[in-house]
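Structure assessment
The residues making up each chain are set out below.
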Amino acid sequence: MKKHIIRLFSLLALFLGAAGCQKDFLEVQPQGEINAENYFQTADHATWAVNAVYNQLRAWDVIAFPYLAMTDIVSDDATKGSFPADAQRIATFDNFTYGPSFPEEVRVAWRGYYRGIFRANSAIEGIPKAQMNEMLRSRLIGEAKFLRAHYYFNLVRWFGDIPLIDKQLTEAEFYTKPRAPKAEVYNLIIQDLKDAIEVLPEKNQYPTADMGRATKGAARGVLAKVYLTIGDFVNAEQYALQVINSNQYALLPQYNRIFLPEGENSSESVFEIQATALEDSYNGATAWNMIQGVRGTPNLGWGFNLPSDDLIAAYEPGDPRRDATILYVGEVLPDGSGIVQDNPDILNERYSQKAWTPNHPGLQDNGPSNIRILRYADVLLIAAEALNENDKPAQALTYINLVRARARGTRPPSVVPALTTTDKVQLRQAIWRERRVELAMEQQRWFELVRTGQAATRLTPLGFVAGKHELFPIPQSEIDLTGGIITQNPNY
Amino acid sequence: MIGKQLLISAALMLWSVWAVAQVTVTGKVTDDKGEALIGANILVKNSTNGTITDIDGSYELKVPDAFVTLVVSYTGYTTQEFPLKGQAKLDVVLLEQATLISEVVVVGYGTQRKSDLTGSVTSVKADEIQKIATANPLQALQGKVAGVQVSAASGRPGEGPVVRIRGTGTLNGAAPIYVVDGLILNNIDFLNAADIESMEILKDASAAAIYGTRGANGVILISTRKGSRSQKARVSFGSYVGQQQPERRLGLANATEYAQLINEIALNNGSQPVHPDPTVFGVGTDWQDVIFQNGIIQNYNLNVSGGSEAMTYSISGDVFRQEGIVKSSYFNRYTLRVNNQYNFFKWMKFGHNIAFVMSDNNGEPGGIVFNAIASDPTVIPRDENGRFGSTSLVSNVSNPAAQLEYNSYNRGYGQQFAGNLYGDIFILKDLTFRSSFGFNLVNNRNKSYEPVFEVDNKQRNPESRIFAGFYRGVDWQWENTLNYRKEWKNHRIELLAGYTSQNITGEGIGGGRLRLIGTTENFFFLNAGDDQTATNYHYANRPERYVSTLFRLNYSLMGKYLLTASWRRDGSSRFGSERRFGSFPSVALAWRVIEEPFMQDQKILTNLKLRASWGRLGNDKIPTGAATPIVSNGLGAVFGTPEQLLFGAGITTLANPFLQWELSNSTNAGIEIGAIQNRLTLELDYYRRYTEKILVPVPIPDYVGSAGNPYVNAADVLNSGLDAALNWRGNVGKLGYRVGVLGSTLKNEVKSLGTGNEELFGVFISGEPATRTEIGGPIGAFYGYRVAGLYQNAEDIAKYPNREPVKPGDLRFEDVDGDGIITPDDRTYLGSAIPNLVYGFNFGFDIAGFDFSADFNGVSGNKILNSKKMARGFGIPNFESSFLARWTGEGTSNSEPRVTNGGYPNFNVSDRFLEDGSFMRLRSVQLGYTLPKALLSKAGITNLRIYVSGNNVMLWTNYSGYSPEIGSENVLAVGIDGGIYPTARTFLVGLNAGF
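All of these numbers come straight from a predicted model, not from anything done at the bench.

Within chain A, the regular secondary structure consists of 19 helices and seven strands. Dimensions of chain A, computed from C-alpha atoms along their principal axes, come out at roughly 115 × 50 × 45 Å. Each of the 492 residues in chain A was classed as buried or not, and the buried ones make up 54%. Taking all contacts inside chain A whose residues are at least 6 apart in sequence as the whole, residues at least 24 apart take part in 68%.

Structure below.
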C-alpha cells in the first residue's frame, strides 16, 4: 500500500509540476519576423518603413493597368491598344462605359493608392517613437508626408471627395468614414507638402546612394502643381519659381534622351518613381514597361496604351517631340537593336516610345524604367501658366520658350518657334497645348483635361458626359461595405 | 498446444506469487465469429466486483479465489455464467441474442458502452470505411452519418474532402479535429482506410466538450487496427484494382459555334465580324479530350496481427496508387504501421501505435481544368510538325496540351512518422494513470521544373527554371490522465482528470534557379541552375501551443439513470496574453427507460433511451499571429546611382490584439429506440448550436488601406436541426437483408454580426460581392441581381431603366427596391450554398455467400454559383453550350442574353449563373462473394471474399458543372465553382483474404 501511495504522489507531483509552467509555455514569439509591437525602435526601422512607402509606388495597383487606363487611355492621347479581344474591359475607358463595379481597374487604383497612404500613415505615426538622429527623423517623416501627398493628389483628382485618412484607423472607424470634401483633402496635401519642404534636403544635398528620394524641390514642384490644379495661381507661381530659382535643375539638351536610361535622375528630374531590373529577383521592377511595350516583333510587351491619331495631330509640323514620343511600325528602336514589325492584329499600331526600354536582365515584367512624375519642364510650364494667369505674360513667355527651345534643339528657329503672344487667352491656350505635347504619354493628360475644363469639349465625341465623367465612379464595394456612408459620384 | 499450457501455468505461478489474497483472471470475450466484443461486462457472481473488456475484447479481473463463477453479459447477447474451476484464464464465446450488436464506442480519453452514452456519438466501422476506394478515409463517411456532410473539394488524387458536422458553426475554420489513437491532428491524409478499426463522430457538446477549444466543430475519433491477446497470428490481405474516369463532361461550344459567337460579340460591340465563314472551323478541338484520362487506382494491404499474454501486435503494410483523371496527376502512398502493446508487468502495461508513411504525387499544370473549358476550340492541339497551336491569341488561355508537355513536372514527396507511445500504471485497484506521448513528424519536399519553350507570345518560357522546397513539421502532444472507476450497489462511477500539452512547429526552406544545364530529371536540382539567378526562402511558423486541464464524471444509477459532466480549461498561444485561457463545461443526462419495471411486460421495444446534453465549446481556427500585426519585409525601394534595391519593411495589414475565443453553446436532445429484438433501430436527435464571438476577417473598405482584413470577434450563428437514422435488419429464409435511411436537416442562421455590421461580404467577383452574410440569413448567402428577363427592344429599355447603359438582348434585372431604376441597391439574396437536407440511404442483402450493398447519398436545397461561366477577363474564352441558346433578336430568348464578353449587366453576379445544387448519387454499389470455408480450409485460407464495386456510379442533379460537390474551407465562399478538378467515377474489383 505504501508503495502505491508513493507512486500516486510522485505522479501527482509530475502532474502539477507540468501544469505549473504553462504560462511561459504559451509565450511564443514570431519566428524570423518583427512583431509590430516591437517595430519603430531604431533608425533602421524608420528608414525601412519609409522605404516601404516608396515600394508601393511600384505596385501594379498604383502604376500599371489602372493608372494607364485612368490617365492616358481615358484621355484623347491614347487608346487601349493590343488586339481587340485582349483585356477588352479596358476599352471601357476609351468609350466611357466604365461603371462602379466594372471593370475592376477603378477599384484597384483606389485600393492601391489607399494602401500607399496606409504605409505612409504608419511611418508618420511610428517614426517619432524611434531612438534616432533627429535630422534623419524629420527627413524621413518629410519623405513620408511627401509620398502621402502624392497618393492623395491622384486620388482627389480622380474621385473628388474621398475619405480622408491621416492615421491608422481603429476598428470602430473602419466602416464609418464619410467622404471628406475635396477642399479638406487638398488642405492635407498642401500641409504635408509644406511640412516636407521644411525638412527635406535639396537634391544635391543627398548622397548619391540616396538619389531618388523626395527632395525639397520635388515637394515645392508638386505643391506648385497642386495650387495650379485648384486655381490658386499666386501660390502656384511662388512655388514653381522657388524650384526654378533653387538652381538644382536644368533641362536636358536633347528631349529624346529624357526617357532613355541616361535620362533617369538627370538634371531635369524633379521626382521619379525609381525602378531597376535586378538579375536575381524582380523586386526592383515595375509592370509599366511591359504593359506598353511593343507587341509582336520585337516581342517587348503587351502593346497597350497606344498614342492616338488625335495626339499625333496635336504636334506642330516638324516638332521633333512627336518622333521622340511615338514609336512607329517600321521605326528602328532607339538603341538600334531592331525594327518594329507590323502586327496585323493590332489596330492603329504605334507605341509609346517613352515606355521603351533597352534590353535588361529578366523578362518583360522586370521593367526597369523610372516613371517620371515631375520633370523640370513641367515646372517651367506650371510657372508659365501661373504667371500668365497672374498677368505676367512676359515672364510666362520666358519659361514656355525655354521648353520650346529645348524641343527645337539645334534645328532652325522655324521649328517649334518661340512664342510671342501676350494675349492672356491665346497664351493660356498655347501653354495648354505645350503641356500636352511636352508631357504626352506621361500619364498627365486626363488630369490636364479635367483641370482646365477642356474634358467635355475634347472628349464628348468619345462618349464623355459632362457632369458625370469629370470624376471616376466610387468603387461599388466601398458603398456596399459602408452601407452607403460612402456615396456615389453624380450620375453613376 | 503444449506451449500454450506451459505458458498458462507459468503465468499462473507468477501471478499466484504476486497476489496472495487475490487471483487475477484474464481472457477474451468474442462472438461466435471470433470477433472481439468490446465492453462486455464480466462480473463475479453475487458481487459487485467486475470489469469490462477493452478494445481487443480482453479483460483482466481480480477475483477472491479461482473457484468463483463469472457472469458475462453484453447487450444484445445472451448472458452466460462460467465457473472458473481453478483456471486463471477464461476465454468466452457469447452468442448473439438479437441481430444487432450493441456497440462499445470510443469516446474522448476512453471507451464507453453505447448504452451508457449520454451524448450523440456515431460509430462507423471498418467494413463501411473500406467500401470507398480513396486515399482519404473521410470520403467514406459521405452519407453514412446523420448530421455529417462530407463534400469533395476536388477530385485531385490524395486530396481530402471538406467535412462539416452539424452545419457551419463559424465564419472561420469549420473543420472538425481528428484524434487518431489519442493524437489530435488537423487532417488524416496519411491514414489508410484499411488500417482503421473504427471512426467515432462526436457530434454534441457532451461528447466533444472534453476537447474544449478544439471541439466546437465536432470531433472525429479514429482507432487504428490492433491485435488481441491470446490470438494466434492472423494474416489478412486485401486488395483492389480499378479504373477512374471523369464523372461527367461539359458541353462546350465547338469551333464553328465559337467563331460564330466571336462574330456576334464583334457585331454587338459595333465592329465588324472577324470570321467571314465560321463553318470553316468545323467541330474543332474539345480540349477536355486532351486533358482527361482514365486513371488506375489500386491498393494492397497486408496485415499480421495477434497476441500472447505478454503482448499484442498488429503490423501492416499498405501500398496505395492512384492516377488522376487529369493527365499527369497522381498520388502514391506506402504505409507501414506497427500497433503493439506490452503487458510485461503486473502493475503496468505500455504500447505504441506508430505509422511510417511515404508518399509521392504530381500535380497537374496550374489551371488546366479551367483552360480546357476556356481554350480556343478552333486551334488544334498540335500540328503535324509537332508544334503546339496558339490558343492565347483569342481565348487568352494557355494551350492545355502544351501545358501538359511543359508544365507537368510538379512533384511532391512526403514522409510522415506519426503515432503515440503510452503507458498505463495501475496505481490502485480502481485507479489507473495513463501517460501518452504523441508525435507527428512530417518531412515534405516539392520540386517543379519548367523547360524553355515558346508556344506563342504569352505561353512561353525563355529560361528553364527549377524550384525546390523542403518542409519539416514537428508536433508533439503529451497527455497525462488519471482514471478512477468504482462500482457499488446500484452505483457506477468513473472519474477522469487530465493534464495535456501540445506543441506544433514547422519550418520551410527552398529556392529556385534559372538556366539549367540539362533538361532531364537528373538535372532537376538547384545546383544545375545558374547561381547568379538563385532565389531562396527560409521561414518558420510561429509555434502553436496548447495546455489544458480536463475533468469528467460519468455516473450511472441502477444502470438506467446516467450523468456525464465534463470541464476543460484550455490555454492557447494563438491569443494575446490577456485572453489566452478559456473554460469549457458540459453536462448531460440520459434515462434508459427500457430498464424501468413498467417496460418489462412489453415485448416490442428492446431499447428505449432518452438523453439530453448541454455544453460549451471553443474554436480557435484562425491563422497564428492574427492577434499581432507582423512587419512585412520585402518592401524594398530603389535608390541611388547606380540603382540599388534597399531593404524596406512595414506594417501593411491590421491585426486585432483583442481577439478571443469563439464560443459555441450546444444543446442536444435525443431518443434511441430499438424494437423487435433490435432489428429496427431509430435514433433521433435535435440539436441547437449557438456560436458567439465568431472570429472572422471582416472585409473592410479599401480606404482603410490594409492589405488584408483584420480578424474581429464579430458574429453569432445558430445551427439547428434534426438528425435521424433508421435501420431495419431482417431475413427471408436464408436471405438476410438490411435497409437504412439517415438524414439531417440544417438551418443555418446568422444572429448577429457585431457592432454596426448588418452584413458581411464574401468573395468579390468582378468587383462585386458574390456572397453576403446578413443577420437572419445563412452564412455566405449568394448575393446579386435577380433576372426578370431580357430587354427585348428599345421600349423595354425605356420602360425598365438602368443606371448603366444596356442594349436589347441584355439581362433585365428585377427592380427589387421598386424605385423604378436598376441600381446596385437592387441586388438581393439569391440562395444559399448550405443544403437544408443531407441524407443517405442504403440497402444490402446476403445469401449463400453472396453479399450486395448499395449506398446512396445526397443533399438538397442548396445553390451553386457557376462562376467559371462568368470568367471572361482578357481575351474571349470559349463558351459552354448553354450560351448558344442566346438572344439573337426580339423574342428569341427571354433568359439567355445576347452574347457579350463580360461587363454589365450580363456578367454581373446574378441568378443567371446560379444553379440548383441538389443532387443524389449512387455513392457505392458492391457485390461480393465469400467462398465456402470448407473449400478454403484445405488451402490453408480462413476466409476469402472477392467483390466488384463501383463508386459514384450514378448522379442525379440539375447542376451543369462537373460535380455538384463544391466544397471549400472558406465558409464565405462555399458553392462557387470556378472550374474545379472533377470528381471521378470508379469501378473496381477486389479481394479480402485471411490466413
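So, on to the overall build of chain B. Along chain B, the regular secondary structure elements total nine helices and 56 strands. By the compact-globule yardstick of 30 Å for 995 residues, chain B fits well, its C-alpha radius of gyration being 31 Å. Overall, the C-alpha framework of chain B stretches about 105 × 70 × 65 Å when taken along its three principal axes. Here chain B holds 995 residues, and the buried ones make up 50% of them. The contacts of chain B with a sequence gap of at least 6 include a subset with a gap of at least 24, amounting to 69%.

It is worth spelling out the sheet that holds strand β2 (residues 41-44) of chain B at this point. Hydrogen bonds between backbone atoms are what pair the strands of a sheet, whose relative direction is either parallel or antiparallel. Residues and elements named next belong to chain B. Read across the sheet, four strands follow the order β3-β2-β5-β6 without closing on themselves; strand pairing throughout is antiparallel. The sheet is open, and its two borders are formed by β3 (50-52) and β6 (80-83), each paired with just one other strand. Going from strand to strand, the sheet's axes swing by 20° on average, the running direction of each strand aside. Note: β2 against strand β5 (residues 69-73), four bridges, orientation antiparallel. Looking at the pairing, Asn-41 lines up with Ser-73 of β5.

With that settled, the discussion passes to the sheet that holds strand β1 (residues 23-31) of chain B. Residue and element names in this part refer to chain B. Taken in spatial order, the three strands line up as β4-β1-β7 in an open sheet, and their pairing is mixed. Whereas interior strands pair on both sides, the edge strands pair on one side only; in this sheet they are β4 (58-63) and β7 (92-94). When strand polarity is set aside, the average angle formed by the axes of neighbouring strands in this sheet is 35°. Summarising the sheet, β1 and β4 pair through six bridges and their orientation is antiparallel.

Attention shifts here to the interface of chain B and chain A. Tallying the contact residues gives 79 residues for chain B and 83 residues for chain A. Per-element accounting of the side of chain B that touches chain A gives the leading share, six residues, to strand β28 (residues 530-540) of chain B. In terms of residue class, the side of chain B that touches chain A is built from 39 nonpolar, 31 polar and nine charged. For strand β1 (residues 34-35) of chain A and strand β33 (residues 630-633) of chain B, the ladder comprises two bridges, and the chain directions are antiparallel. For A:Ile34, the partnering residue across the bridge sits in β33(B) and is B:Val631.

With that settled, consider the environment of B:Glu683. Residue and element names in this part refer to chain B. By the secondary structure assignment, Glu-683 is in strand β38 (residues 680-697). Put simply, Glu-683 and Ile-671 are twelve residues apart on the chain and 5.9 Å apart in space, counted from C-alpha to C-alpha. Excluding anything up to four places from it in sequence, Glu-683 contacts Gly-670, Glu-672 and Ala-725.

This paragraph deals with helix α4 (residues 255-268) of chain B. Residue and element names in this part refer to chain B. Counted at 1.5 Å a residue, the expected span for α4 with its 14 residues is 20 Å, and the 20 Å between its end C-alpha atoms agrees. Within the span of α4, buried status applies to Ala-255, Glu-257, Tyr-258, Ala-259, Gln-260, Leu-261, Ile-262 and Ile-265. Positive backbone phi, approximately 85°, marks Gly-270, located one or two places after α4.

For the α-helix, the turn length of 3.6 residues means that residues three or four positions removed from each other point alike. All names here are of chain A. Its 18 residues place the ends of helix α8 (residues 182-199) 26 Å apart at the C-alpha level, agreeing with the 26 Å of an ideal helix rising 1.5 Å per residue. Those residues of α8 lying buried are Val-185, Ile-189, Asp-192, Leu-193, Ala-196 and Ile-197. Burial along α8 is one-sided: seen end-on, the buried residues are contained in an arc of 140°. Across from the buried face of α8, at angles greater than 90 degrees, the exposed residues are Ala-183 and Glu-198.

Turning our attention to the packing of helix α5 (residues 65-73) of chain A against helix α6 (residues 105-126) of chain A. Residue and element names in this part refer to chain A. At a minimum axis distance of 8 Å, the contact between α5 and α6 shows a crossing angle of 110°. One way to sum up the angle between α5 and α6 is to call them roughly perpendicular. Relative to α6, α5 is oriented so that their crossing is left-handed. Residue-level contacts link Phe-65, Pro-66, Tyr-67, Ala-69 and Met-70 of α5 to Glu-105, Val-108, Ala-109 and Gly-112 of α6. Across the contact of α5 with α6, the residue classes break down as seven nonpolar, one polar and one charged.

What follows deals with the confidence of the model for chain B. In low-pLDDT segments, the atomic positions of the prediction should not be examined closely. Residues and elements named next belong to chain B. Averaged over every residue, the pLDDT of chain B is 88; residues scoring 70 or more account for 96%. Overall, residues 6-20 carries pLDDT values under 50, and its contacts beyond four positions in sequence, including any with other chains, amount to ten contacts. Per the prediction output, this complex has pTM 0.76; the corresponding ipTM is 0.92.

Residues and elements named next belong to chain B. Here Gly-158 shows up in the loop between β11 (148-151) and β12 (162-165). Residue class for Gly-158 comes out buried when judged on the 22 C-beta atoms lying within 10 Å of it. Measuring from C-alpha to C-alpha, the distance between Gly-158 and Asn-136 comes to 6.6 Å, with 22 residues separating the pair along the chain. Not counting residues up to four positions away in its chain, the partners in contact with Gly-158 are Ala-135, Asp-189, Gln-322, Phe-331 and Asn-361.

For the rest of this paragraph, the subject is the nonpolar core. Formed by 238 residues in total, the largest nonpolar core has its most connected members in A:Val379 and A:Leu380. Sort the elements by how many residues they give to this core and helix α7 (residues 134-159) of chain A lands first, with 13 residues. Here A:Leu380 is in contact with A:Ile244, A:Tyr399, A:Leu402 and A:Val403, once residues within four sequence places are set aside. In terms of nonpolar packing, the next biggest core, distinct from the first, is built from 78 residues, B:Ala36, B:Val105, B:Ala355 and B:Ala418 among them.

Let's shift gears to unusual backbone geometry. The omega torsion of the bond from B:Thr641 to B:Pro642 falls at -5°, within 30 degrees of zero and hence cis. For B:Pro642, the location among the structural elements is in the loop between β34 (637-639) and β35 (644-646). Cis rather than trans, the peptide bond between B:Tyr904 and B:Pro905 has omega equal to -5°. Positive phi, normally seen in glycine, also occurs at A:Asn305, with a value near 60°.

Once that is clear, we can look at the packing of α8(A) against helix α9 (residues 216-229) of chain A. All names here are of chain A. Their axes nearest at 8 Å, the elements α8 and α9 cross at an angle of 155°. Accordingly, the angle class assigned to the pair α8 and α9 is roughly antiparallel. In terms of crossing hand, the pair formed by α8 and α9 is left-handed. Contacts between α8 and α9 pair Tyr-186, Ile-189, Ile-190, Leu-193, Ala-196 and Ile-197 from the former with Lys-216, Ala-219, Arg-220, Val-222, Leu-223 and Val-226 from the latter. Split by residue class, the contact of α8 with α9 holds ten nonpolar, no polar and two charged.

The next thing to look at is the environment of B:Asn440. Residue and element names in this part refer to chain B. Here Asn-440 lies in strand β23 (residues 431-450). Separated by 388 residues in the primary sequence, Asn-440 and Thr-828 place their C-alpha atoms 47 Å from one another. The contacts of Asn-440, once residues within four sequence positions are left out, are Leu-183, Leu-185, Ala-418, Gly-473 and Asp-475.

What counts, and at which threshold
Residues numbered from 1 in each chain as written. Chains lettered and ligands numbered in written order. Predicted model: local features only at pLDDT ≥ 70, side-chain atom pairs only at ≥ 80, totals over all residues. Helix = DSSP H or I, 4+ residues; strand = E, 2+ residues; numbered from the N terminus. Buried ≥ 20, exposed ≤ 12 C-beta atoms within 10 Å, placed from the backbone. Contact = placed C-beta atoms within 7 Å. Rg over C-alpha atoms; globule rule 2.2 N^0.38 Å. Pairing = 2+ DSSP bridges. Axes fitted to C-alpha atoms, helices over the stretch in contact; angles between N-to-C directions. Nonpolar A, V, L, I, M, F, W, Y, C, P; charged D, E, K, R; others polar. Expected span 1.5 Å × (residues − 1). Arc of directions from axis to C-beta. Parallel < 35°, antiparallel > 145°, perpendicular 65-115°, else oblique. Left-handed = near helix turned anticlockwise from the far one by under 90°. pLDDT = per-residue confidence, 0-100. Core = buried A, V, L, I, M, F, W, Y, C linked by C-beta atoms within 7 Å.

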